[in-house]
Amino acid sequence: MAASELYVKHARVWLPHHQDVWQPAELSRNYNPGDKTLNVLLEDGTGVEVAVDSKLLLLPPLRNPNILVGENDLTALSYLHEPAVLHNLTVRFLHSKMIYTYCGIVLVAINPYESLPIYDVDLIAAYSGQNMSDMDPHIFAVTEEAYRRMASDDRDQSIIVSGESGAGKTVSAKYAMRYFATVSGTSATESSIEQRVLASNPIMEAIGNAKTTRNDNSSRFGKYIQIGFDKKHHIIGANMRTYLLEKSRVVFQASRERNYHIFYQLCGSAHLPEFKTLRLDGGAEYFLCTNQGQSCTIEGVDDAKHLLDTRTALTRLGISEGDQMAVFQILASILHLSNVEVKETSADSSTISAGDPHLGVFCDLVGVAVADMSHWLCHRKLATAAETYVKPVSRGDAVRGRDALAKALYSRLFTELVVRVNTALMASAKTCSFIGILDIYGFETFDINSFEQFCINYANEKLQQQFNLHVFKLEQQEYMSEDINWTLIDFHDNQLCIGMIEDRMGILDLLDEECKMPKGSDVSWAQKLYNTLLKNNVHFDKPRMSNTAFIIQHFADKVEYQCGGFLEKNKDTVNEEHLNLLRGSKWDFLLLLLDDESKTTSNRTPRSGPAHREHRKTVGLQFKQSLHLLMEILNSTTPHYIRCIKPNDHKDAFILNPVRVVQQLRACGILETIRISAAGFPSRWTYHEFFSRYRVLVRWKDVLPDRKLTCRNLLKICLKDEDKYQFGKSKIFFRAGQVAFLEKQRSDALRAACVRIQKTIRCWLQRSRYLRLRRAAVTVQRYARGHQARCLARLMRRTNASVLLQRTVRMWLARKRYRRQRSAAVSIQCCYRRYRAKQRYYKLVYEQKAVLLQRVVRGWLARRRCARYVGAVILLQACVRRWRACRELRRLKAEARSVEHFKKLNVGMENKIMQLQRKIDKQHKEGLHLAERAALADRHQGVQMDAVLREMEALRVSERESRARLEDRLPALVNEVAFLRHELAEATREKNELEAAAVAYSEHAQEVVDQLNEEINVLKDQKSDLDTLVQKQKLKISDMEASVQHSQRVEKDLEESQSRYHCLLREHLELQEDMNLQIKDTERRDSFLSDSAQSSGYAEGEDSSPYSTHKQEGDVSILLKFQKRVKEVEQEKQALQRELDRREGKETEEETSSIRAELDLEVLKRQELESDNRRVKRELKELRESLSPPAGEEGSGGGGDSAPYSVLLEQLNSSSEELEMRKEEVLLLRSHMVTREALRHKDLVLGEGLRFDHNEDFDRSTDLHTLNEDGELWLVYEGLKETNRLLEEQLQEQAASHREQSEDLREELRRARQDNDRQQSLLAQSMMMSQEARVDAGLRHEITCLASDNLVLMEQREKQDKNLRKLYKQLKIYRHRVDELEARPQTSSPGVSGVNITRKEKDFKGMLEFRDGDEKRLVKHLVIDLRPRGVAVSVTPGLPAFVLFMCLRFVDRTDDPQRVSALLNATVSGIKHVIKRKGDDFETMSFWLANTCRFLHCIRQYSGKEVYSRENSPRQNEHCLLNFELSEYEQVFSDLAARLYLQLCTCMEADLQVLIVSGMLEHDAVQGLMGSKPHVHHSTSQRKQHRDGDGDGDGDDGPPLTMDSLLAHLSGLLATMQSHGLQEDLLHQVTRQMFYLIAAVSLNHLLLRKDLCCWNTGLQIKYNVLQLEEWLSEQRLVSSAARQTLEGLVQAAQLLQAKKITEEDAVAVSSVCSALTTAQIVRMLTLYTPVMEFEERVSPAFISNIQVILKDRVGSPLFLMDVKKVFPVSWTYTGSPVALDSIHIPTSLNLGFLQQV
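Counting from 1, residues in each chain are numbered in the order their sequence is written. Side-chain atom pairs in this predicted model are given and counted only at pLDDT of 80 or more, local residue features only at pLDDT of at least 70, and totals for whole chains, interfaces and linings cover all residues. Only heavy atoms go into the side-chain values, all of them from the structure, while hydrogens and water stay out.

(A) How the structure looks around the overall build of the protein chain. Put simply, DSSP H or I for four residues or longer makes a helix, DSSP E for two residues or longer makes a strand, and each gets a number counted from the N terminus. In terms of helices and strands, the protein chain carries 51 helices and 25 strands. Think of it in three bands: with a 1.4 Å probe and only protein chains considered, a residue is buried below 20% of the maximum accessible area for its type, exposed above 50%, and partly exposed in between. For the protein chain, the proportion of its 1797 residues judged to be buried stands at 44%. By definition in these notes, contact holds between two residues if any of their heavy atoms fall within 4.5 Å. A fraction of 75% describes how many contacts in the protein chain between residues 6 or more apart in sequence connect residues 24 or more apart. Accessible area for the protein chain stands at about 97,800 Å²; split by element, carbon and sulfur atoms hold 54% of it. Working definition of accessibility: Shrake-Rupley area with a 1.4 Å probe, residue cover restricted to the visible protein chains.

Rendered as structure tokens:
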């Protein structure tokens, strides 16, 4: 394209700058061909004139459009040149804080010198399984690409990490290894291997890394790690090769540098006890080989702690503690050897003092003699043909020999450790493939470059050559696959430089030749180089001011090498006597290091083999060979490149030095990659994306259905030069700069459209303003006129109102005056009347008070007079009583003086004393009783108590007087007392005899009690036997009742089946008639369509009639095939039905015979039970008679034997009560039997009541009395009521079934109406179509209708056939049973003669019987081999759970804990086996989650606990477990359900991962939004998505994954779970988990992809979230709290669409995004990319404001959501209404070994 078209006014260009390398500018005027200068304006407004070379026409490079700035891939830039690359990297690194950028197949990594949260496990999971082009640049994307390519292509991969020291190569390699270790390996062994692979890093860093001026952890060797994988792509081992260890660092370090880390780690841990023998107390500052750089410490690094990590890693790799101490001993010996001081004695000789402490320590550590080592360090041996001489060496040679020995020891120790590491990482099985990670030094140039820099730059030349060839090869493959006309791209080939180094007579060859010369030197070698290469090779040059240096023109830059030390370093010689002296040591580890022949060095360059000097390989030759081997390995693999860039030399975080960055870009080949891409077609667009982006450049009428043709026409208009673009199969290829030109045209078109829109809008605004003003004027006029009219009306109203007001006021004044006068008159009257009333009141009050005062005074006077009279009477009575008492006292004194009275008193004294004592005791008891009743009658008790006390005092006084009188009669009384004592002894003897008799009688009574207890125990045993017998009889009777109920159901079902059969026949005939009518109707419609097509005039062409005829013929053939297939299926069904009927007949006969035998057995058992009952009654009566005492013994027994006898009677009574209860139970059983036998002989056809045989002679009253014994007739009546209730329930069930049938008919009618409406709509649409389209649509619709109708009819017929077969089967069974029941002889029970009893059919108990040992067989058929898809569709949801629980009920009845445990453990093991085998199948996990929960709920529902059995039916409560408590197993199955739930979430995550990103973020659901930002397609095959085929022209390989696909998949998952019977609560929890996964994956991809962080994506997310909410409403899952999980995603969409400029916007964003963390908000703002040139980027100031506002917000520093998070799940109890005995087990489950109980 002409320069005049590009270099116009306002065009943006780059100008060179001495500090920033490049600076932006803008043209101030157009450039015309021939102009010698360009006028530009800098960003600060300064005008500059730029000179232009008119001959070469070198114009400043153009800047890319803003929309392309900050791209993930540098090759996506329209203008590919150095300033564009530098600017893109600067924007991403400084503004977006993104350290990774693609450059074709190369990942550019800039060291941030700061820890970033972008390497955690969540990010690894986010990149795992993703395409490289779908995610933002990251080292995990490259490693994932390598891992995926290895798995898919079965080809080894290599990751080449290169860069300067301090650029982050080692860290990048470490993260790559961590990624492989995380994404691969699942077993414990593999995990151990992965840990060992990661453990090799601290070891190699300790012995191979050191601090330099550019890097604190610089790798001073190259390494290539091969990570081996097996067939399943799991890590099984690793191998490491090392290259060119920098041995000179062991003895020399530059300023501000350190030796290898291991030395400082060892010195930092010298205080440990195990290191005391090493004598390192001085620290690193004390030793020469560690203190030369004057920087023994690193800020923030703890060397002692790192040594612990190193020792841990060594232990993990299998290196024993002894070998570790040997390694540290070698290192300590090197430290001490470096401190050995060599003194100069003369110019040619030197010596070491005998007391040198470090030499002594060194010799002690390595086990050699001090004198020998001292001697040979200062001497050397010279061998000639004749003899051998020992010659002293100068101090310089001695020091160099000492240093050579130290380097040799460290080198061999390094090699030995690498061998040990490789041994520990050796693969245990065959390695199928590997991924190699090459961590090698980048191009180096220093002020003084020596042999090490020469080898490093030589290796980089080889790697650059391989890189250029690979890039060129991939570029050509891309063009060939797209059929692009291309020419060979010229690229820089550095083969000449490589040949100059490694060919014959090259630098290395001449160096080896010089090393073989006896007097070879660095100067002579430099002269050979000048003579050989200076004139023959353009890449070789000589410095002007030096004869010992040479210059090589490398691919990156010119490097000057100093020849000094080349020969010595190339030879790498060690004094042979030193080695021989060490070989004489007794230390095995040292001998192992020195024994070269016993070592296998497959991990690095081969070491010296024989001991002879002439056969030893030089270092340059070894490095050359190892480098060739490395190139062969890399060429056999697919390489992936990581170029590490060091942004500055001061290690400042996020500071970029443009000069240093450009130097590294040139050195690492990035610019060469850009140049190769720019030489071809760097920009690639798919046809769809190109059309979506640039359709604004073409008129809509020029848009064709073929997008490719439209794109071709558009490019012909926009780009005149056809060489600037090429059309491929699926993409359009553009030359460099063409996309920018198209963007300019697009921007101009949009700007013109914007101007036009603005013009139109402004016109509309002005017109709207004019119309608004006009309307306002009219409105003002209208309101003014209205105001005038209202004023007039208001004046008239006021006039009328004033007249009315005056009249009213006058009336009001007159009324007020009248009312005031009237009120005054009334007030006067009131006051007068009140005065008169008050006078009357006062008079009445005065009179009433006077009367009251008189009454009180009179009462007081009367009471005082009465009190005076009472006092006088009491005084008189007291006087009279005192007089009488005195007279009585005198009489008593006279009587007391008489002897007769004294004798009389003495005679009854003792009796009186006893009487008095008894009276005192009685009075005391009465006193206690009176004290208890004191609250009721205190006064009465007090008076009585005083009287009693007075009387007692009088008695005591009389007793004292009597004793005084009896003192004279004491002798007589003594004799009388002796007589009384004799009588007392006699009474005591009689009492003892009576007590002995009582003891004997009590013993006899105890014996009687013991005998009675024994008889009671016997009775109890008999009672327990009776209980057992009754229990058995109850079970048998329950079975008999079940059989009777079954027979009743059979009879009723027989009648219903006959009626349903006739109904089905009628429906079948009606369906056949309907089908015939539909076929006729279809034929009529076909004829109608053909007639309409012919009459409409569209049949002019001859192509339509054959087509329609062909279609009709095809329809007829389809109908015939359907009919023929229907007939064949009917014939097969009839044959199978006949065979089934024959087999079922045999089974029915066997079943009836077994039923007959069971009935006879039950009759015999009933008779036996009745006889036992009568016997027990008789025995009990006899026992009572024997135990009842005689009438005379009840009173004579006294108190001694009444208690045992009462206890015995109580025990007998309790036993009799229990017997009575058993009798009632037996009678209840008899009543049920009577009811059943009565129902058994009722009329089978007419359903008459009980029939009795009246012909037999028997006493009716006696029989009725026998039948009604203990209320048996009432029990029979209750049984009949129960039968009626069952019949009512059956009638209700039939009514419910009829209602369901009516609902089905209404549903069919609704569907028919819908079909009619749909046909009408299709007919209306067909009228809008063309002729051919109408015919095609009509034929397709008719064919579809006929096919669907036929399929529906076939399904209905199959269902009818199934029902008929079922009815036939039931009919046969019922007929057999009826015949057998009629043929049975009618027998009557002994207790109920003349009653015909009908036998019920056996009822199932909801249990499944199986043999002991069949648990594994049951689990295999029901759990392991079960396919959920067929089961979920055809049977009851949760059937396996019900079957397992029915089996559990059976083993619970057997009361065998071992069988219960065996069944439950086998079930758990089977489900776990299913999880292990089919854990990735969502349907299987959903099925078993539903069944496990159902089984858990069954255990709770039938546990018998009230909290679970409240909602059970009585029938279900009968099925509860009896013997075992399974609460412990509830927890087991709860844990198993939780495991199934987690596995279900894992399957759901695997299914939805692919759909979420495409549906939620990438698919353009709102047309035209996502196409506004280009989706860059990269140039290499590595960046393509893997497809199954070549694809069509549009490059699509299948239907796009849209939001509808995601919703359809969600609906499918939900339908699957619902079909499996998953309870509603769990459905809500799973739905919440699904929506959280959608939100987490979408938000994570939004945070990881820069191309999605734009305004359009926010709108797209809002639209998709709305669709998800609608889906929740449709599925009735709004209450599941799933919507809340999308809150973070919704706020992210709001953030993308929010205004992001001012501080107010920052506050608004912070308040809106409450569910997002600070890291997520900052990340999105950093990644935000404008998709239109009119948008602005988010400024760093705005991001800083956000961080300041959100600094107090608590949140995770990681910005990714945890995709693996699972919400806590709960198991809400939900009982099942399904009764266990109503479950039918299909034969397809192969559970024939289970028998229903």
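That covers the picture; the talk isn't over yet.
(B) Examining the environment of Ala-313 more closely. Within the secondary structure, Ala-313 sits in helix α9 (residues 303-316). A relative accessible area of 4% means that Ala-313 is categorised as buried. Between the C-alpha atoms of Ala-313 and Arg-196, which are 117 residues apart in sequence, the distance is 7.8 Å. Residue contacts for Ala-313: discarding those within four places in its chain leaves Ala-199, Pro-202 and Ile-203.

(C) Focus on helix α49 (residues 1703-1712). What α49 keeps buried is the set Asp-1705, Ala-1706, Val-1709 and Ser-1710. Buried residues of α49, viewed axially, fall in a sector of 135 degrees; they line one side. Facing away from the buried side of α49, by more than 90 degrees, are the exposed residues Glu-1704 and Ser-1711. Each element contacted by the buried residues of α49 is listed here: α48 (1687-1697), α50 (1718-1727) and α51 (1740-1749). This arc describes the spread of directions from the helix axis toward the C-beta atoms.

(D) Spotlight on the sheet that holds strand β20 (residues 638-645). Pairing in this open sheet of seven strands is mixed, and the strands run β5-β6-β20-β7-β16-β10-β11 from one edge to the other. Strand pairing shows two members of the sheet lacking a second neighbour, β5 (100-103) and β11 (235-243), which therefore form its edges. The mean inter-strand angle of the sheet, taken between neighbouring strand axes irrespective of direction, is 20 degrees. Sheet topology places strand β10 (residues 222-229) next to strand β16 (residues 433-439); seven bridges connect them, and they run antiparallel. Residue pairing in the sheet places Ile-225 in a bridge with Ile-437 of β16. Helix axes are fitted to C-alpha atoms over the stretch in contact, other axes to C-alpha atoms as well, and angles between N-to-C directions run from 0 to 180 degrees. Where helix α4 (residues 139-153) meets the sheet, it contacts β5, β6 (106-110), β7 (157-163), β10, β16 and β20, and its direction lies at approximately 170 degrees from that of β20. Lying over the sheet, helix α21 (residues 619-635) contacts β7, β10, β11 and β16, oriented at roughly 145 degrees with respect to β11. Following DSSP output, two strands are said to pair if at least two bridges run between them.

(E) Highlighting the pairing of β20. Buried residues dominate β20, accounting for eight of its eight residues. Of the two faces of β20, the one holding Thr-638, His-640, Ile-642 and Cys-644 and the one holding Pro-639, Tyr-641, Arg-643 and Ile-645 are both buried throughout. Bridging between β6 and β20 involves five bridges; their strand directions are parallel. Bridge pairing in β20 places Leu-107 opposite Ile-642. Where β7 meets β20, seven bridges bridge the pair, whose relative direction is parallel. Across the sheet, residue Ile-159 finds its bridge partner in β20, namely His-640.

(F) Expanded view of the packing of aromatic side chains. Pairing of aromatic rings covers Phe, Tyr and Trp, the last counted by its six-membered ring, and requires centre-to-centre distances within 6.5 Å; plane angles under 30 degrees mean stacked, over 60 mean edge-to-face, and any other angle means tilted. The full count for this structure, using the stated rule, is 37 aromatic pairs. A ring pair is formed by Phe-467 and Tyr-641, whose centres lie 4.7 Å apart and whose planes are at 80 degrees; its orientation type is edge-to-face. Placement of the pair is Phe-467 in helix α14 (residues 451-481) and Tyr-641 in strand β20, with a sequence separation of 174 residues. A relative accessible area of 1% means that Phe-467 is categorised as buried. A relative accessible area of 1% means that Tyr-641 is categorised as buried. Relative to Tyr-1773, the ring of Tyr-1508 lies with its centre 4.9 Å away and its plane at 55 degrees, an arrangement referred to as tilted. A residue pair is termed long-range when its members are at least 10 positions apart, and Tyr-1508 in helix α42 (residues 1506-1509) and Tyr-1773 in the loop between α51 and β25 (1795-1796) qualify at 265 residues. For Tyr-1773, a relative accessible area of 24% corresponds to the partly exposed category. A network of ring pairs unites the aromatic residues Tyr-119, Phe-140, Tyr-147, Tyr-175, Tyr-179, Phe-180 and Phe-229 as a single cluster. Whether a charge lies above a ring is judged from NZ of Lys or CZ of Arg, which has to be within 6 Å of the ring centre and within 35 degrees of the ring normal. In this structure, Arg-643 packs its charged tip against the face of Phe-467, placed 5.0 Å from the ring centre. Above the face of the Phe-1767 ring, Arg-1632 is positioned so that its terminal group lies 3.8 Å from the ring centre.

(G) The side chain of Asn-422, seen in detail. Here Asn-422 lies in helix α13 (residues 395-424). Taking the relative accessible area as the measure of exposure, Asn-422 reaches 8% and is therefore buried. Among the polar contacts listed, one links the side chain of Asn-422 to the side chain of Asn-239, at a separation of 3.3 Å. Polar contacts, as used here, are pairs of N or O atoms within 3.5 Å; protein pairs need one atom able to donate a hydrogen and one able to accept it. Residues neighboring in sequence count only if both atoms are side-chain atoms.

(H) Geometry of the packing of helix α40 (residues 1457-1477) against helix α44 (residues 1527-1562). Relative to each other, α40 and α44 sit at 10 degrees, their axes nearing to 11 Å. If you check the angle between α40 and α44, you find them roughly parallel. Residues Ser-1461, Leu-1464, Asn-1465, Thr-1467, Val-1468, Ile-1471, Lys-1472 and Ile-1475 of α40 touch α44, and the partners they reach there are Tyr-1529, Val-1532, Phe-1533, Leu-1536, Arg-1539, Leu-1540 and Gln-1543. Three categories are distinguished: nonpolar for Ala, Val, Leu, Ile, Met, Phe, Trp, Tyr, Cys and Pro, charged for Asp, Glu, Lys and Arg, and polar for the others, with Gly belonging to the last. Its residues assigned to classes, the contact of α40 with α44 comprises nine nonpolar, four polar and two charged. Roughly parallel means an angle under 35 degrees; roughly antiparallel means over 145; roughly perpendicular covers 65 to 115; every other angle is labelled oblique.

(I) Highlighting the sheet that holds strand β18 (residues 549-553). Reading across the sheet, the three strands line up as β17-β18-β19 and stay open at both edges, with antiparallel pairing between neighbours. In this open sheet, the two edge strands, each paired with only one partner strand, are β17 (540-541) and β19 (558-562). Inspection of the sheet shows β17 paired to β18 by two bridges, in the antiparallel sense. Bridge pairing links Asp-541 to Ile-551 in β18. Along the sheet face, helix α17 (residues 522-533) touches β17 and β18 and points at about 40 degrees away from the line of β18.

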